[in-house]
Amino acid sequence: MSEPLLKGKSHHIPKRLVWDAWLKVRRNGGAAGVDGVTVEQFGDAERLKDNLFKLWNRMSSGSYFPGPVRAVEIPKKGGTRVLGIPNVVDRVAQSVAVLVLEPEVEQVFHPDSYGYRPGRSPLDAIKVCRKRCWEKDWVVDLDVSKFFDSVRWDLALKAVERHTDQKWILLYVERWLRASMRIPDGSFVERTQGTPQGGPISPLLANLFLHYGMDIWLSKEYPGCHFERFADDAVIHCATERQALEVKDALGARFADIGLLLHPDKTKIVYCKDGRRRRDHPVTSFTFCGYEFRPRKAFDVRKREAFTGFMPAPSPEKITEMGRKVSSWKLSRCTNLTLDDISRKVNQVLRGWLAYFTVFYPSMVIPLCKRIDRILMRWARNKFKRLKRSDLRAQEWLRRVRKCSPELFAHWALRY
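Procedures and definitions
Residues numbered from 1 in each chain as written. Predicted model: local features only at pLDDT ≥ 70, side-chain atom pairs only at ≥ 80, totals over all residues. Heavy atoms only, no water. Helix = DSSP H or I, 4+ residues; strand = E, 2+ residues; numbered from the N terminus. Buried < 20%, exposed > 50% of the residue type's maximum accessible area, 1.4 Å probe, protein only. Contact = heavy atoms within 4.5 Å. Lys, Arg positive; Asp, Glu negative; His and termini not counted. Charge placed at Lys NZ, Arg CZ, Asp CG, Glu CD. Phe/Tyr/Trp six-rings, centres within 6.5 Å; stacked < 30°, edge-to-face > 60°. Lys NZ or Arg CZ within 6 Å of the ring centre and 35° of its normal. Pairing = 2+ DSSP bridges. Core = buried A, V, L, I, M, F, W, Y, C linked by side-chain atoms within 4.5 Å. Axes fitted to C-alpha atoms, helices over the stretch in contact; angles between N-to-C directions. Parallel < 35°, antiparallel > 145°, perpendicular 65-115°, else oblique. Left-handed = near helix turned anticlockwise from the far one by under 90°. Nonpolar A, V, L, I, M, F, W, Y, C, P; charged D, E, K, R; others polar.

K.L.:
Can you explain the overall build of the protein chain? Please cite residues and give values.
P.N.:
Within the protein chain, the secondary structure is distributed over 14 helices and 11 strands. Expressed as lengths along the three principal axes of its C-alpha atoms, the size of the protein chain is roughly 80 × 60 × 45 Å. The buried share of the protein chain, taken over its 416 residues, is 46%. The contacts in the protein chain between residues at least 6 apart in sequence include a share of 68% that link residues at least 24 apart. The protein chain carries 74 positive and 48 negative side-chain charges, and their two centres are separated by 8 Å.

K.L.:
Quick rundown of the packing of aromatic side chains? Include the residues and the values.
P.N.:
Centre-to-centre distance and the angle between the planes together describe a pair of aromatic rings. Using the criterion set out here, one finds 22 aromatic pairs in the structure. Members of the aromatic cluster, joined through ring pairs, are Tyr 291, Trp 353, Tyr 356, Phe 357 and Phe 360. Here the basic side chain of Lys 15 rests over the ring of Trp 56, its NZ or CZ set 4.7 Å away from the ring centre. Across from the ring centre of Phe 65, 3.7 Å away, lies the NZ or CZ of Arg 175, which sits over that ring.

K.L.:
Give me the environment of Lys 158: which residues, what numbers.
P.N.:
By the secondary structure assignment, Lys 158 is in helix 7 (residues 153-161). Along the primary structure Lys 158 and Phe 209 are separated by 51 residues, whereas in three dimensions their C-alpha atoms are 9.3 Å apart.

K.L.:
Run through the sheet that holds strand 4 (residues 181-182), naming residues and quoting values.
P.N.:
Strand order in the open sheet formed by four strands is 2-1-4-5, and the pairing between neighbours is mixed. The sheet is open, and its two edges are formed by strand 2 (79-85) and strand 5 (188-189), each paired on a single side. Across two bridges, the pairing between strand 4 and strand 5 is antiparallel. From the neighbouring strand, Met 181 faces strand 5, where its bridge partner is Val 189.

K.L.:
Tell me about the nonpolar core, residues and numbers included.
P.N.:
Most often, soluble globular proteins keep nonpolar side chains buried together rather than apart. Core analysis: the largest hydrophobic core is formed by 51 residues, its most contacted members being Phe 286, Phe 288, Phe 293 and Trp 353. For this core, the secondary-structure elements that each account for two or more residues are helix 5 (122-135), strand 9 (286-288), strand 10 (291-300), helix 11 (316-328), helix 12 (339-357), helix 13 (366-383) and helix 14 (391-404). Not counting residues up to four positions away in its chain, the partners in contact with Phe 293 are Ile 126, Cys 129, Arg 130, Cys 133, Thr 284, Ser 285, Phe 286, Phe 288, Phe 310, Met 311 and Pro 312.

K.L.:
Account for the packing of helix 13 against helix 14, with residues named and values stated.
P.N.:
Geometry of a packed helix pair, given as the angle between the helix axes and the separation of the axes. At a minimum axis separation of 9 Å, helix 13 and helix 14 run at an interaxial angle of 110°. When the interaxial angle is binned, helix 13 and helix 14 end up roughly perpendicular. Every pair of crossing elements has a handedness; the one defined by helix 13 and helix 14 is right-handed. In contact with Asp 373, Leu 376, Met 377, Trp 379, Ala 380 and Arg 381 of helix 13, helix 14 contributes Asp 391, Ala 394, Gln 395, Trp 397, Leu 398 and Arg 402. Its residues placed into classes, the contact of helix 13 with helix 14 shows seven nonpolar, one polar and four charged.

K.L.:
Talk me through the pairing of strand 10; I want residue IDs and the actual numbers.
P.N.:
The pairing of strand 9 with strand 10 spans three bridges and is classified as antiparallel. The partner of Thr 287 across the bridge, within strand 10, is Glu 292. Between the antiparallel neighbours strand 9 and strand 10 lie two residues, among them Cys 289 with a positive phi of about 55°. Pairing of strand 10 with strand 11 (residues 305-314) involves 10 bridges; the strand directions are antiparallel. Note on strand 11: the bridge partner recorded for Phe 299 is Ala 306. Count of turn residues in the strand 10/strand 11 antiparallel hairpin: four residues, of which Arg 304 carries a positive phi of about 55°.

K.L.:
How would you sum up unusual backbone geometry? Please name residues and give values.
P.N.:
In this structure, Ala 231 takes a positive phi of about 55° despite not being glycine. In this fold, Ala 231 is placed in the loop between strand 6 (227-230) and strand 7 (233-238). The exposure class of Ala 231 is buried, given its relative accessible area of 5%. Positive phi values are uncommon outside glycine, yet Arg 304 reaches one of about 55°. When you line up the elements, Arg 304 lands in the loop between strand 10 and strand 11.

K.L.:
Tell me about the sheet that holds strand 3 (residues 138-143), residues and numbers included.
P.N.:
Backbone hydrogen bonds are what pair the strands of a sheet, in a parallel or an antiparallel way. Spatially, 6-7-3-8 is the arrangement adopted by the four strands of the open sheet, whose pairing is antiparallel. One side of each edge strand has no neighbouring strand; the edge strands of this open sheet are strand 6 and strand 8 (268-271). Averaged over all neighbouring strand pairs, the angle between strand axes comes to 20°, with direction disregarded. In the sheet, strand 3 pairs with strand 7 via six bridges, with the strands oriented antiparallel. Of the residues in strand 7, the one forming a bridge with Leu 142 is Ala 234. Lying over the sheet, helix 5 contacts strand 3, strand 6 and strand 7, oriented at roughly 160° with respect to strand 6.

Geometry only, nothing functional implied.
Below is the structure:
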């Protein structure tokens with residue numbers, strides 16, 4: 001039995017829900033929006049109670065209107081990606097809707113959808129993808145062109161409406177979708193479609209849109225073609241090249257019907273070539289969730305023999321990206337820092353990266369580990385006079401440090 005509405009309130013939104021949403025936003029952190037208010041400022045002890053009460057009051061009465069989102073350009077391969085950063089108060093409001101809507105949609109989401117879902121990770125998707133690449137010879141590697149900028153609002157709202165009878169969720173989802181965007185030059189742009197990446201509601205809307213736009217459709221039309229999808233990044237497994245071409249063309253037509261476009265150059269048919277599948281095909285690799293799948297040398301311990309398998313490993317682009325980040329710190333010049341200071345700086349970034357990129361084919365990251373060691377030796381030569389003119393002494397110094405403190409640097413946990 002639902003609680004009665006408070007006098008003067010149009011919508012029933014428990015205050016506790018707003019508090020839980022705030023805790024979620026505080027954990028995630030992030031930059032300030034257009035209003036310049038940071039998470040720390042919003043959560044200031046003297047202002048937090050008032051901030052949350054005002055938000056609850058406005059959302060409950062229907063008078064809540066979100067502010068514009070702040071456009072932030074981040075570099076990616078081949079260009080930039082635009083994130084839309086809502087104000088902190090709007091992130092809390094979106095999180096309120098997510099807390100209500102997520103349990104409903106999680107019951108219907110496809111098991112092969114992995115992106116931004118509780119209890120699921122990209123590593124889960126990669127593991128399943130690896131197994132299926134061994135079972136079927138062909139893959140359709142999908143690339144949706146500007147997906148988050150192309151989502152049709154009418155279809156997104158229709159999908160939300162199927163999973164809630166709470167009018168306030170539909171009301172505010174539409175207002176969030178329609179919020180203008182302030183671009184880097186300071187001007188404001190009105191939007192007519194899309195759900196900007198950067199807000200808590202966007203991943204859920206993206207999953208809901210593609211659940212009906214792709215997952216359910218593909219399962220009905222091609223039930224034998226399994227897939228893994230992480231947000232708009234997806235691969236589909238097919239038994240034959242002919243089937244892969246048919247699925248690719250059919251999905252392209254399906255996406256066109258719902259306002260999406262498959263990238264003509266990046267969407268491709270891939271042959272999962274290995275030691276037993278030796279057919280010639282121009283494309284024998286694809287990248288999924290930061291891992292590159294391609295033929296690789298491996299060793300079967302049970303049979304005690306080498307073989308070629310179609311397997312994932314950290315993509316060269318991700319390794320290069322991390323190498324550039326480490327180089328940008330110019331650690332060898334930081335002779336005012338102690339070795340403990342250096343390790344804290346390195347581990348803060350490297351530990352999580354290694355935890356992700358050493359699950360499959362970890363030997364690929366060893367050159368990066370050795371590169372970091374060379375930087376540490378240069379730092380030691382610059383800092384200690386006795387090591388200044390001898391590479392061998394610097395190497396011996398590093399060997400002794402690693403032996404005495406093997407856990408000092410995160411990458412030393414690997415054997416190399």
